[in-house]
Amino acid sequence: MASLYFNQDICTLCGQCVEKCPFGALEIKNDKIEINASCKMCKLCVKNCPVSAVSLVEDKAKKAVDKNAWKGIMVFVEQEETGIHPVAFELIGKAGELAAKIHHPVYAVLIGGTQANAQAKALQNCGVDKIFVYAHAALANFRGDVYTNVMEDCINRIKPSVVLVGATSLGRSLAPACATRYRTGLTADCTVLDIKENTDLVQIRPAFGGNIMAQIITTNTRPQFATVRYKVMNVAEKTEKAGEIILCPVTEKMLVSDIEVISTEVIEKTKGIEEEDVLVVAGRGVKKQEDLEMIKALAEALGGQMATTRPLVEKGWNDVTKQIGLSGRTVKPKLIITCGVSGAVQFAAGMDGAECIVAINTDKEAPIFKIANYCITKDLYAVVPELIRAVKAKRQ
């Protein structure tokens, strides 16, 4: 692993590196250049420094990892009082596929309050070899530093080659903290995972706005961390063999935190578009924000939800949690009806797992028709009201 080095004796504080940094990672403070956590190691500062005061220094003290010492695919199982987040079962399914290729065991780690012991039983027949449970009243609510301490204890205990975490709000906070502890790689929002014979995890995710699919491999460090979106992988199949539940001690050292929880409030959980069986999607073909009520009416008549594409979210017509695509949510409904959606690759990648796709678009050359099961080449303003009437009449 390499790091940036600023030779303060040579640096003239001209500020060109600060100006050229696209991530705002460089600042001039106390008469010197400082690097903040936004640095992506793009090396533009190295290339643009007029006096060559910036260089990339390899960490020579860090020895090459012994890959044979790290064995197993570990899944972080996110839970709450109402139960285990369903993304965990998808991750376990994928972990089983990866583990079978390299003949490694599958592990699960469950961190939570006193109910975690009982919740672990739901994981036993999902193809997991061992389930490590950390149950303590102080772990009932997520705190990043505490959960990272517990994860570190579990990783040190079993030394897994790969750690998979759901790309949820919690997972996106936990995984980077864990990867930082081990100074290892993390690929976020993976859509495809594979593994080589030498246990290098092949992590594929969209990049540059979804225009390319980047293939990322962590070759020199372990464990390898990856976060995976919900509704991307297949759910683990039930097995007859029951996984072993191992109750792990929670020490006071693990619970030391710099975060003080003043109060907590349980917010009523609403059904997200990822969990819906029926979705009606509004695209650029919808002319006015008020017309979304028509799309919503069709969704409600079918017992589902309305979703939108990225352009409508950027206009402020809908919330980002209702956006489908690589920069939004990935969905796998039984039925999805797209209204005025062109079907750009970024959008299609977020919903091509749907069982039945109905596309409404006046443009016969629209990309959405290449993946749709049923294509309607008429104006959505003529089709949608008729569909609403037909659905309501059938229900009556």
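The written sequence of each chain sets the order in which its residues are numbered from 1. For a predicted model such as this one, the threshold for reporting local features is a pLDDT of at least 70, and the threshold for listing and counting side-chain atom pairs is 80 or more; totals across whole chains, interfaces and linings nevertheless cover every residue. Side-chain metrics in this entry use all non-hydrogen atoms of the structure; hydrogen atoms and water are not considered.

(A) Spotlight on the packing of helix α7 (residues 292–301) against helix α10 (residues 380–395). Across the interface, α7 lies against α10 with an axial gap of 9 Å and an inter-helix angle of 25°. The angle between α7 and α10 places the two elements in the roughly parallel class. In terms of crossing hand, the pair formed by α7 and α10 is left-handed. Only L380, Y381, V384, P385, L387, I388, V391 and R395 of α10 make contact with α7, whose side of the interface consists of M294, I295, A297, L298, E300 and A301. Partitioning the contact of α7 with α10 into residue classes produces 12 nonpolar, no polar and two charged. Geometry is summarised by axes, namely lines fitted to C-alpha atoms with helices restricted to the contacting stretch, and by angles between N-to-C directions that run from 0 to 180 degrees. Helix and strand assignments come from DSSP, with helices taken as H or I runs of at least 4 residues and strands as E runs of at least 2, each series counted from the N terminus. To sort the angles, those under 35 degrees are grouped as roughly parallel, those over 145 as roughly antiparallel, those from 65 to 115 as roughly perpendicular, and the leftovers as oblique. The hand of a helix crossing depends on one turn: near helix anticlockwise from the far one by less than a right angle means left-handed, and clockwise means right-handed. A contact between two residues is defined here by any heavy atoms of the two lying within 4.5 Å. Each residue is assigned to one class: nonpolar for Ala, Val, Leu, Ile, Met, Phe, Trp, Tyr, Cys and Pro, charged for Asp, Glu, Lys and Arg, and polar for all the others, Gly among them.

(B) Structural context of α10. Taking 1.5 Å of rise per residue, 16 residues should cover 22 Å, and α10 covers 22 Å from first to last C-alpha, within 8% of that figure. For every residue, the accessible area obtained with a 1.4 Å probe (protein chains only) is divided by the maximum for its type, and the residue is called buried under 20%, exposed over 50%, and partly exposed between those limits. Those residues of α10 that sit buried are L380, V383, V384, I388 and V391. Taken down its axis, α10 places every buried residue within 135° of arc, on the same side. Contacts from the buried residues of α10 go to α7, β19 (335–339), β20 (356–360) and β21 (374–376). By the N-cap criterion, in which a side-chain oxygen at the helix start approaches the backbone nitrogen of a residue two or three places on, α10 is capped by D379, the distance to Y381 being 3.0 Å. Given the number of residues in a helix, its expected span is that number minus one, multiplied by 1.5 Å. The arc in question is the one spanned by the directions pointing from the helix axis to the C-beta atoms. Whenever two N or O atoms come within 3.5 Å, that pair is a polar contact, provided that in protein one can donate a hydrogen and the other can accept it, and provided that, for residues adjacent in sequence, both atoms are side-chain atoms.

(C) Structural view of the packing of helix α5 (residues 144–158) against helix α6 (residues 169–181). Running from N to C, α5 and α6 cross one another at 55°; their axes reach a closest spacing of 9 Å. Classified by the angle their axes make, α5 and α6 are oblique. In this structure, the crossing between α5 and α6 has a hand that is right-handed. Judged by residue contacts, G144, D145, Y147, T148, N149, M151 and E152 of α5 engage L174, A177, C178 and R181 from α6. Residues belonging to the contact of α5 with α6 are distributed by class as follows: five nonpolar, three polar and three charged.

(D) Representation of the layout of surface pockets. As defined here, a cavity is a set of points on a 1 Å grid over the protein atoms alone where a 1.4 Å probe fits but cannot get out. A pocket is an open set with protein on both sides within 12 Å along at least five of seven lines, and residues line them when an atom is within 4 Å of a point. Grid points are joined across faces, edges and corners, and a volume is the space filled by probe spheres set on the points. Estimates place the volume of the largest pocket at around 1,500 Å³. Every element with two or more residues in the lining of the largest pocket is listed here: β6 (79–80) and α6. Ranked by the residues each element gives to the lining of the largest pocket, the list is headed by α6, at three residues. Here the lining of the largest pocket is built from residues that sort into 10 nonpolar, 12 polar and 14 charged.

(E) Just the pattern of salt bridges, in detail. Definition used for salt bridges: Asp or Glu carboxyl oxygen within 4 Å of a side-chain nitrogen of Lys or Arg. Using the criterion set out here, one finds 14 salt bridges in the structure. Residue K101 is joined to D194 by a salt bridge in which the shortest nitrogen-to-oxygen separation is 2.6 Å. Taken together, the residues span a long stretch of sequence, with K101 in helix α3 (residues 87–102) and D194 in strand β12 (residues 192–195) at a distance of 93 residues. Accessibility expressed as a relative area gives 32% for D194, which makes it partly exposed. Between R329 and E274 there is a salt bridge whose closest N-O contact spans 2.9 Å. Note that R329 is positioned in the loop between α8 (310–314) and β19 and E274 in the loop between β16 (244–247) and β17 (278–282), a separation of 55 residues in sequence. Residue classification places E274 among the buried positions, given a relative accessible area of 15%.

(F) Just the sheet that holds β12, in detail. The strand order across the open sheet built from three strands is β12-β13-β14, with neighbouring strands paired in antiparallel fashion. Each of the sheet's edge strands pairs with one partner strand only, and the pair in question is β12 and β14 (212–217). Across the sheet, the mean angle separating the axes of adjacent strands is 25° when strand polarity is ignored. Pairing between strands requires that DSSP locate at least two bridges from one strand to the other. Relative to β14, strand β13 (residues 201–207) runs antiparallel, the two being bridged by six bridges. Paired with R205 across the bridge in β14 is A214. Of the strands in this sheet, β12 and β13 touch α3, which is tilted by about 20° from β12.

(G) View of the nonpolar core. What is meant by a nonpolar core is a set of buried Ala, Val, Leu, Ile, Met, Phe, Trp, Tyr and Cys residues, joined one to another through side-chain atoms within 4.5 Å. Counting 35 residues, the largest nonpolar core has I73, V77, L164 and L193 as its most contacted members. Contributing elements (two or more residues each) for this core: β5 (73–77), α3, β8 (106–112), β9 (130–135), β10 (162–166), β12 and β15 (224–228). The element that contributes the greatest number of residues to this core is α3, accounting for nine residues. Beyond its immediate chain neighbours, meaning those up to four positions away, I73 contacts A95, L98, A99, I102, P105, V106, Y107, V162, L164 and I195. By size, the runner-up hydrophobic cluster in this structure holds 30 residues, among which are I111, I158, A175 and L255.

(H) Seen up close, unusual backbone geometry. Along the chain, R222 connects to P223 via a cis peptide bond; the corresponding omega equals 0°. Positionally, P223 belongs in the loop between β14 and β15. Of note in the backbone geometry, L13 takes a positive phi value of approximately 60° without being a glycine. Locating L13 in the fold gives a position in the loop between β1 (2–6) and α1 (16–20). Of note in the backbone geometry, N30 takes a positive phi value of approximately 55° without being a glycine. Relative to the assigned elements, N30 resides in the loop between β2 (26–29) and β3 (32–35).

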